[in-house]
Amino acid sequence: MTGQGTLLRHVQELMDGAIAEIYAERGMPEYRPRFSAYVRTLVSEGPMAIRDLAKAVGVTHSAASQTVIQMRRCDLVTLEKGADARHRIVHLTPKAHAALPLIEAEWAATEQAARELDAELPVPLMEVLRATVEALERRPFRARIEACGGLDSQA
């Protein structure tokens, strides 16, 4: 029996895997699909602290920090100390700027492909995902699990 988490991960792998193949075929095998939101944010907003970048992209500070480190290893961003020693300012590199036409083209094509996928589904995936996030923000999944009981007797 396949669990919900397994199915969610599989859908993500199928979609991200296809995007990663496109980058690999175009000479960027190290590029990860999740980098695009960071690159596009830095293009539109300019250099910013990791904390601000995390907020703009919609991820945790920890997730943004890990992604930025991966992007730095790929020579897509540099980090500079901010006014406060605790802050690191993220800047795009010339390599990232050179890749912008491909990144923007992929983003637009991916959005179109996602709309086409949504049209094939009984309920658009994006609607389901947004509604799921909203429901979990109203009542976290942990609270839902605990309300089901049965865990109190487990130590």
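Our subject in this report is the structure included herewith. Source: prediction; values computed, not measured. (Residues numbered from 1 in each chain as written. Predicted model: local features only at pLDDT ≥ 70, side-chain atom pairs only at ≥ 80, totals over all residues. Heavy atoms only, no water.)

1. Details of the packing of aromatic side chains
For step 1, the next point in the chain: Across all of its chains, the model carries two aromatic pairs by this definition.
For step 2, the next point in the chain: Pairing tyrosine 23 with tyrosine 31 gives two aromatic rings, centres 4.3 Å apart and planes at 35 degrees, and the pair type is tilted. The same class applies to tyrosine 23 as to tyrosine 31, namely buried.
For step 3, the next point in the chain: Look at tyrosine 31 and phenylalanine 35: their rings are 5.4 Å apart centre to centre, the planes differ by 80 degrees, and that puts the pair in the edge-to-face class.
For step 4, the next point in the chain: Given a relative accessible area of 1%, phenylalanine 35 falls into the buried group.
For step 5, the next point in the chain: Among the aromatic side chains, those forming a connected cluster through ring pairs are Tyr23, Tyr31 and Phe35. (Phe/Tyr/Trp six-rings, centres within 6.5 Å; stacked < 30°, edge-to-face > 60°. Buried < 20%, exposed > 50% of the residue type's maximum accessible area, 1.4 Å probe, protein only.)

2. With respect to helix 3 (residues 50-57)
For step 1, the next point in the chain: Along helix 3, the residues that are buried comprise Ile50, Leu53 and Ala54. For helix 3, the angular spread of buried residues about the axis comes to 105 degrees, placing them on one side.
For step 2, the next point in the chain: Tucked inside the fold, the buried residues of helix 3 contact helix 2 (35-45), strand 1 (48-49), helix 4 (61-73), strand 2 (77-81) and strand 3 (88-92).
For step 3, the next point in the chain: In the stretch just after helix 3, glycine 58 is the one whose phi turns positive, near 90 degrees. (Helix = DSSP H or I, 4+ residues; strand = E, 2+ residues; numbered from the N terminus. Arc of directions from axis to C-beta. Contact = heavy atoms within 4.5 Å.)

3. With respect to a nonpolar patch on the surface
For step 1, the next point in the chain: Where nonpolar side chains cluster on the molecular surface, the patch consists of Leu136, Phe141, Ile145 and Leu151 and spans about 350 Å² of accessible area.
For step 2, the next point in the chain: Counting through the fold element by element, phenylalanine 141 comes out in helix 7 (residues 141-147). (Patch = residues over 30% accessible without salt bridge, like charges linked within 9 Å, V, L, I, M, F, W, Y side chains within 5 Å. Areas by Shrake-Rupley, 256 points an atom, 1.4 Å probe, with all protein chains shown as cover. Salt bridge = Lys/Arg side-chain N within 4 Å of Asp/Glu carboxyl O.)

4. Some points on the packing of helix 1 (residues 4-25) against helix 5 (residues 94-120)
For step 1, the next point in the chain: Between helix 1 and helix 5, the shortest axis-to-axis distance is 12 Å and the interhelical angle comes to 150 degrees. Between helix 1 and helix 5, the angle falls in the class roughly antiparallel. Helix 5 is crossed by helix 1, and the crossing has right-handed handedness. For the pair formed by helix 1 and helix 5, the contact residues are Met15, Ile19 and Tyr23 on the first element and Leu102, Ile103, Glu106, Thr110 and Leu117 on the second.
For step 2, the next point in the chain: When grouped by side-chain class, the residues that make up the contact of helix 1 with helix 5 number six nonpolar, one polar and one charged. (Axes fitted to C-alpha atoms, helices over the stretch in contact; angles between N-to-C directions. Parallel < 35°, antiparallel > 145°, perpendicular 65-115°, else oblique. Left-handed = near helix turned anticlockwise from the far one by under 90°. Nonpolar A, V, L, I, M, F, W, Y, C, P; charged D, E, K, R; others polar.)

5. Describing the environment of threonine 41
For step 1, the next point in the chain: With respect to the helices and strands, the residue threonine 41 is situated in helix 2.
For step 2, the next point in the chain: With relative accessibility at 12%, the residue threonine 41 sits in the buried group.
For step 3, the next point in the chain: For the pair threonine 41 and leucine 53, spaced twelve residues apart in sequence, the C-alpha to C-alpha distance is 7.5 Å.
For step 4, the next point in the chain: Excluding residues within four positions of it along the chain, threonine 41 makes contact with Gly46, Met48, Leu53, Ala56 and Val57.
For step 5, the next point in the chain: A distance of 2.7 Å separates a polar side-chain atom of threonine 41 from the backbone oxygen of alanine 37. (Polar contact = N/O pair within 3.5 Å; in protein donor to acceptor, adjacent residues only side chain to side chain.)

6. Focus: the pattern of salt bridges
For step 1, the next point in the chain: Counted under the stated rule, the structure contains four salt bridges.
For step 2, the next point in the chain: Glutamate 30 is paired through a salt bridge with lysine 95; the nearest N and O atoms lie 3.0 Å apart. Residue glutamate 30 is located in the loop between helix 1 and helix 2, and its partner lysine 95 is located in helix 5; the two are separated by 65 residues in the primary sequence.
For step 3, the next point in the chain: A residue is classified by how much of its surface remains accessible, and glutamate 30, at 23% relative accessible area, is partly exposed.
For step 4, the next point in the chain: Owing to a relative accessible area of 33%, lysine 95 belongs among the partly exposed residues under this scheme.
For step 5, the next point in the chain: Linking glutamate 104 and arginine 40 is a salt bridge whose minimum nitrogen-to-oxygen distance equals 3.2 Å. Of this pair, glutamate 104 sits in helix 5 while arginine 40 sits in helix 2, and the two are 64 residues apart along the sequence.

7. Overview of the packing of helix 2 against helix 5
For step 1, the next point in the chain: Packing of helix 2 against helix 5 leaves a shortest axis separation of 11 Å and a crossing angle of 115 degrees. Between helix 2 and helix 5 lies a crossing whose hand is left-handed. Two secondary-structure elements touch here, helix 2 through Ser36, Ala37, Val39, Arg40 and Val43 and helix 5 through Leu100, Ile103, Glu104, Glu106 and Trp107.
For step 2, the next point in the chain: Here the contact of helix 2 with helix 5 is composed, by residue class, of six nonpolar, one polar and three charged.

Honestly, that's just the spatial picture; any functional story needs more than this.
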